[in-house]
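The lines below spell out each chain.
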Amino acid sequence: SSGINAEWPLRPGKGPVTGIDFAGIVEEKGDKVGDELKVGDEVYGGSWNGSLAEFTVSKPAGVALKPKNASFVEASGMYVTYMTTLQALRDFGKVSKDDRVLVIGASGGCGTAGIQVAKSMGAKDIVGVCSGKNEEFVKSLGATDVIDYTKQTIKDYCLNESGAINPELQFDVIYDAATNSGGGEDYKNISMELLKPATADNKHGQYVVITGSADMWIRKFTIGFKANQNTMLTKQNPEDQQHLAKLVDDGWKNSEGVQEYLKPVIAEELPFTAEAVEKGFDLLKSRRAKGKIVFKMD
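The structure contained in this document is the topic of the report that follows. Just so it is clear, the model here is predicted, and its values are computed rather than measured.

1. As for the packing of aromatic side chains
Working step 1: Per the counting criterion, the structure on display carries zero aromatic pairs.
Working step 2: Sitting above the plane of the F72 ring, K66 keeps its charged end 5.2 Å from the centroid.
Working step 3: The residue whose ring lies beneath K290 is F137, and the NZ or CZ to ring-centre distance is 4.9 Å.

Below you can see the structure in the form of structure tokens.
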């Protein structure tokens, strides 16, 4: 199976084949690939050579054993969204136990991953930003509250009766999976107002955006970010893939001692035909998919 992401205008990689995410069975392995992967293994991962095909080629750094409790379809929707989210929240947001986290774009691929991964990291309050029609869906993933962006802004949500920002409603981490995603949104400036200020030990709220503005990318590759602003490039890391697989298979215990599991969210499962591929990319471009769009290779 193969999943598609918001790379549709870019067609990344070295050839004409688009797509990054995949899940399948190892057919062949190179001479320099170690014993961690064997022919016949069920795996998932990402390929910059393109994955929307019956066969793909990937470096071993982008491949790991598939979670036992996930189907090929579910696993093919994991790599880009869940790897990006894990690295964003852990390495840049530094989410820790009892944190308050805002997930912007909560019903999309990275947003649905953001809610679940933040929950697995011990976040106490997870607020999702989505349209009202997706409120119950987002709450079912673990969001403790939802902001309907069609009715109020994220700043309005955080105001007290006098019109000032309520410090108790500010966030330790804001994970922005909506800015620059194709709809003209830009949450950066308003997000800065809603982050918790620096404490005595120099910990302060973190804004992490996965498709940052041009000025943020310029800063990333020149003078560096401000202390509470981050954008990122996902790194290939089999250990992170193994960690995500473990969250699917073994789960974690929440603050009440209840066992929970990561569940990849699939918006649409389609056959690998020309008509279905066109339909899948139309849905992707509509920005209305709840989770990932995946093509099943029969």
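2. Focus: the environment of L284
Working step 1: Tracing the backbone shows L284 in helix α9 (residues 274-286).
Working step 2: Once the C-alpha coordinates of L284 and R100 are considered, the two residues, 184 residues apart in sequence, prove to be 30 Å apart.

3. Digging into the sheet that holds strand β13 (residues 266-271)
Working step 1: With mixed pairing, the six strands of this open sheet are ordered in space as β4-β3-β2-β1-β14-β13. The open sheet is flanked by β4 (63-65) and β13, the only strands paired with a single partner. Ignoring which end each strand starts from, the neighbouring axes of this sheet average 20° apart.

4. Thoughts on the packing of helix α2 (residues 79-92) against helix α3 (residues 109-120)
Working step 1: Following both chains from N to C, one finds α2 and α3 inclined at 50°, their axes separated by 9 Å at the closest point. Between α2 and α3, the crossing angle belongs to the class labelled oblique. For the pair α2 and α3, the crossing hand works out as right-handed. Here T81, Y82, T84, T85, L86 and L89 of α2 come into contact with α3, specifically with G109, C110, T112, A113, G114, Q116, V117 and A118.
Working step 2: Residues of the contact of α2 with α3, tallied by class, amount to seven nonpolar, seven polar and no charged.

5. A word on the pairing of strand β8 (residues 173-176)
Working step 1: The side-chain alternation of β8 yields two buried faces, one formed by V173 and Y175 and the other by I174 and D176.
Working step 2: Where strand β5 (residues 100-104) and β8 come together, four bridges link them in parallel fashion. Bridge pairing links V103 to Y175 in β8.
Working step 3: With four bridges joining them, β8 and strand β9 (residues 206-209) adopt parallel strand pairing. Its bridge partner being in β9, D176 is matched across the sheet by V209.

6. A look at the packing of α2 against helix α8 (residues 238-249)
Working step 1: Where α2 contacts α8, the axes come no closer than 10 Å and their chain directions differ by 100°. Relative to α8, the element α2 is oriented roughly perpendicular. Here α2 contributes Y79, Y82, M83, L86, Q87 and R90 to the contact with α8, which in turn contributes D240, Q241, H243 and L244.
Working step 2: Of the residues belonging to the contact of α2 with α8, the class tally is five nonpolar, three polar and two charged.

7. A word on the side chain of S47
Working step 1: Relative to the assigned elements, S47 resides in the loop between β3 (42-46) and β4.
Working step 2: Separated by 2.5 Å, the side chain of S47 and the backbone oxygen of V57 make a polar contact.
Working step 3: If near-sequence neighbours (up to four positions away) are discounted, S47 is found in contact with G19, I20, F22, T56, V57 and S58.

8. Details of the environment of V127
Working step 1: Position of V127 relative to the elements: it lies in strand β6 (residues 125-130).
Working step 2: V127 sits 83 residues away from I210 along the chain, and the two C-alpha atoms are 18 Å apart.
Working step 3: Setting aside residues no more than four positions away along its own chain, V127 makes contact with R100, V101, L102, V103, T144, D145, I147, Y157 and F171.

9. Here's the deal with the pattern of salt bridges
Working step 1: In the structure shown here, the tally under the stated rule is 13 salt bridges.
Working step 2: Of the charged contacts in the structure, one is a salt bridge between E74 and K263, with a shortest N-O distance of 2.7 Å. Taken together, the residues E74 in helix α1 (residues 72-75) and K263 in the loop between β12 (259-260) and β13 connect sequence positions 189 residues apart.
Working step 3: Owing to a relative accessible area of 14%, E74 belongs among the buried residues under this scheme.
Working step 4: We classify K263 as partly exposed; its relative accessible area is 47%.
Working step 5: For K279, the salt bridge goes to E268, with nearest N and O atoms at 3.7 Å. Taken together, the residues K279 in helix α9 and E268 in strand β13 connect sequence positions 11 residues apart.
Working step 6: When its relative accessible area of 27% is taken as the criterion, E268 is described as partly exposed.

10. Some remarks on the sheet that holds β6
Working step 1: Ordered by their spatial adjacency, six strands build an open sheet running β7-β6-β5-β8-β9-β10, and the pairing between neighbours is parallel. Every interior strand has two partners, whereas the edge strands, β7 (145-148) and β10 (229-231), have only one. Between one strand axis and the next, the sheet turns by 20° as a mean value, whatever way the strands run.
Working step 2: Lying on the sheet, α2 is in contact with β8, β9 and β10; it crosses β8 at an angle near 155°.
Working step 3: Each of β5, β6 and β8 is contacted by α3, which is oriented at about 170° to β5, the strand it contacts most.

Here is what the cut-offs are and how they apply
- Residues numbered from 1 in each chain as written.
- Predicted model: local features only at pLDDT ≥ 70, side-chain atom pairs only at ≥ 80, totals over all residues.
- Heavy atoms only, no water.
- Phe/Tyr/Trp six-rings, centres within 6.5 Å; stacked < 30°, edge-to-face > 60°.
- Lys NZ or Arg CZ within 6 Å of the ring centre and 35° of its normal.
- Helix = DSSP H or I, 4+ residues; strand = E, 2+ residues; numbered from the N terminus.
- Pairing = 2+ DSSP bridges.
- Axes fitted to C-alpha atoms, helices over the stretch in contact; angles between N-to-C directions.
- Parallel < 35°, antiparallel > 145°, perpendicular 65-115°, else oblique.
- Left-handed = near helix turned anticlockwise from the far one by under 90°.
- Contact = heavy atoms within 4.5 Å.
- Nonpolar A, V, L, I, M, F, W, Y, C, P; charged D, E, K, R; others polar.
- Buried < 20%, exposed > 50% of the residue type's maximum accessible area, 1.4 Å probe, protein only.
- Polar contact = N/O pair within 3.5 Å; in protein donor to acceptor, adjacent residues only side chain to side chain.
- Salt bridge = Lys/Arg side-chain N within 4 Å of Asp/Glu carboxyl O.

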